[in-house]
Amino acid sequence: MNNYRKFMLLWAGELVSSIGGGLTSFGLGIYIFQKTGNASGMALMTLLAFLPGLLLRVPAGVLADRYDRRLLMMIGDGCSGLGVLYILLCMMNGGAELWQIYIGVIISSVFSALLEPAFTATITDILTKEQYSKANGLVSMAGSSRYLFSPMLAGFLLTFTDIKVILTIDICTFFLTIISAAVVRKNIATKQAAERKPFLQSMKEGWEVIAARKGLFLLILITSAVTMFMGVFQVLGEPFVLSFADSKTLGIVESVAASGMLVTSIILGIRGIKRNFVKLLGIGLFISGIGMAFFAITKNVYIICTFGFIFFAALPVANNSLDYLARTNIPEEFQGRAWGFIGFISQLGYVTAYGLSGITADAVGSATGGGVGRGASLTITASGIGLAIIAVVIVRVRRLYGLEKTDVNRTYCNVCE
């Protein structure tokens, strides 16, 4: 089995896992909105599902550099199913309360924290630099599947069954992802650190690798602002549509919109990106910002789908460019712990969005008399404008362009000497 086939097998496992996770996320969001009637409950679920993984991302990155990355992927993916199983058991016993759902998503998030740094570092292990861009296009496609396939499938299932079936399907997907990681593990050598250093020292080295590259650190800080605006859209898009439509319509809207990411991801998976990464990052984010800003200006489903499509279509270009700029500026032996810090810092914006967007939308809706739908609409539009402004700033920061010219495996950073 050649290395690209190994990647494709891992990618297929993550694709299945993403679809299953998207089913659960969509179903639980509908369940909570129907019980509470506001955006805050959905936002809190999203925050609690996200925060443990964020806090554990840095130590998980260190583990990815110290132990078998494929084994960590198997443990993370497999054990994260325990949280979904807990929610399912609660619902089979008469229905899950909100606090029980929150406990379940926290359990899943804790174990899922092991997965992302190990998976990201594994891509560097088995692929060449020339293959990164194509691989990132496919990874974006797998990520889009939770928005492309899952909402429509979940919306369809919810018309004649209940959320317990959705949770059961998600639990079954974990077995497939574990098997794919196990097969790849048998066919790839595990890279062991030459010297086992203290855990905290390993974490410090991951930080120093990032801090040594000023342009990279600046890019990560800017990305944190980007994730804040995108997090608002992620939380409030569903309650905005649900304020005037049913779950089936929401599923169709999300799937049609996310097909934009699928189209672009397929193109990138075939062609990749070879130059002008900073400019393309800015262009991708600007177009996504425009799509977000116009997504919520009307209740017309066709207009919503159109601008949702535009938003998602531009994301793979931005994600691909960002991933390349970061990956090629991190030495291979520091990939796990460095990506742990990159994920932690860049995704702090999501914490702000998840913590405040639901409250903000409910407050604005109450103040304007338009309810949660109006509040979500205004908040999403403002965030889209903010994202477009950040995109303009990115292409004007000259220091970022130096990241395109660096090969850290030939030009070693101070930490590595």
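Residues numbered from 1 in each chain as written. Predicted model: local features only at pLDDT ≥ 70, side-chain atom pairs only at ≥ 80, totals over all residues. Heavy atoms only, no water.

Participant: Break down the overall build of the chain for me, citing the residues and quoting the values.
Facilitator: Along the chain, the regular secondary structure elements total 17 helices and 0 strands. The C-alpha radius of gyration computed for the chain amounts to 21 Å, which stays within 12% of the reference 22 Å derived for 417 residues, consistent with globular compactness. When the backbone C-alpha atoms are referred to their principal axes, the chain occupies close to 60 × 50 × 40 Å. A total of 417 residues make up the chain; the buried ones form 56% of that total. At a minimum sequence separation of 6, the contacts of the chain that also span at least 24 residues come to 87%. Summed over all atoms, the accessible surface of the chain reaches about 17,200 Å², with 65% contributed by carbon and sulfur. Measuring between centres, the 33 positive side-chain charges of the chain sit 7 Å from its 23 negative side-chain charges. (Helix = DSSP H or I, 4+ residues; strand = E, 2+ residues; numbered from the N terminus. Rg over C-alpha atoms; globule rule 2.2 N^0.38 Å. Buried < 20%, exposed > 50% of the residue type's maximum accessible area, 1.4 Å probe, protein only. Contact = heavy atoms within 4.5 Å. Areas by Shrake-Rupley, 256 points an atom, 1.4 Å probe, with all protein chains shown as cover. Lys, Arg positive; Asp, Glu negative; His and termini not counted. Charge placed at Lys NZ, Arg CZ, Asp CG, Glu CD.)

Participant: Kindly report on the confidence of the model for the chain, identifying the contributing residues and their values.
Facilitator: With 94% of its residues at a pLDDT of at least 70, the chain reaches an overall mean of 83. Mean pLDDT in the chain bottoms out at helix α7 (residues 132–148), which sits at 73, and peaks at helix α13 (residues 277–295), which reaches 95. Within the model, the stretch residues 409–417 combines pLDDT values under 50 with 13 contacts to residues more than four positions away or in other chains. (pLDDT = per-residue confidence, 0-100.)

Participant: Help me get a handle on the environment of L262, residues and values and all.
Facilitator: Mapped onto the elements of the fold, L262 is located in helix α12 (residues 247–271). L262 sits 114 residues away from L148 along the chain, and the two C-alpha atoms are 7.6 Å apart. Once residues within four sequence positions are removed from consideration, L262 is found in contact with M141, S144 and L148.

Participant: Which residues make up a nonpolar patch on the surface, and what values go with them?
Facilitator: Side chains of I283, F286, I287, I290, F294, I297 and V392 sit close together on the surface and give an oily, nonpolar patch of about 560 Å² of accessible area. Element by element, the count of residues in the nonpolar patch is highest for α13, at 5 residues. Note on placement: I297 falls in the loop between α13 and α14 (301–327). (Patch = residues over 30% accessible without salt bridge, like charges linked within 9 Å, V, L, I, M, F, W, Y side chains within 5 Å. Salt bridge = Lys/Arg side-chain N within 4 Å of Asp/Glu carboxyl O.)

Participant: If you had to explain the pattern of salt bridges to someone new, which residues and values would you point to?
Facilitator: Evaluated as defined, the whole model comprises 3 salt bridges. Ionic pairing is found between D162 and K164, a salt bridge with its closest N-O pair at 2.7 Å. Under the relative-accessibility criterion, D162 is labelled partly exposed at 32%. Here K204 ties to E208 by a salt bridge, and the two come within 3.9 Å at their closest N and O atoms. Here K204 pairs with E208, and both are found in helix α10 (residues 199–211), just 4 residues apart, close to one helical turn.

Participant: I'd like to hear about helix α16 (residues 348–368), residue by residue, with values.
Facilitator: Three- or four-residue spacings in an α-helix give side chains the same orientation, since the helix completes a turn every 3.6 residues. Here α16 is 21 residues long and its end C-alpha atoms lie 30 Å apart, about the 30 Å a rise of 1.5 Å per residue gives. Buried residues of α16: G349, Y350, A353, Y354, S357, G358, A361 and G365, and no others. Residues of α16 that are buried in the fold lie against α2 (39–55), α11 (214–242), α15 (335–346) and α17 (371–394). Of the residues trailing α16, G369 is marked for its positive phi of about 80°. (Expected span 1.5 Å × (residues − 1).)

Participant: Residues and numbers for the packing of aromatic side chains, please.
Facilitator: A complete count under the given rule lists 14 aromatic pairs for this structure. When the centroid spacing of 5.1 Å and the interplanar angle of 85° are considered together, the rings of F311 and F312 count as edge-to-face. Through successive ring pairs, a cluster of aromatic residues spans F233, F240, F244, F295, F311 and F312. Taking NZ or CZ as reference, R398 lies 4.5 Å from the ring centre of Y401, over its face. (Phe/Tyr/Trp six-rings, centres within 6.5 Å; stacked < 30°, edge-to-face > 60°. Lys NZ or Arg CZ within 6 Å of the ring centre and 35° of its normal.)

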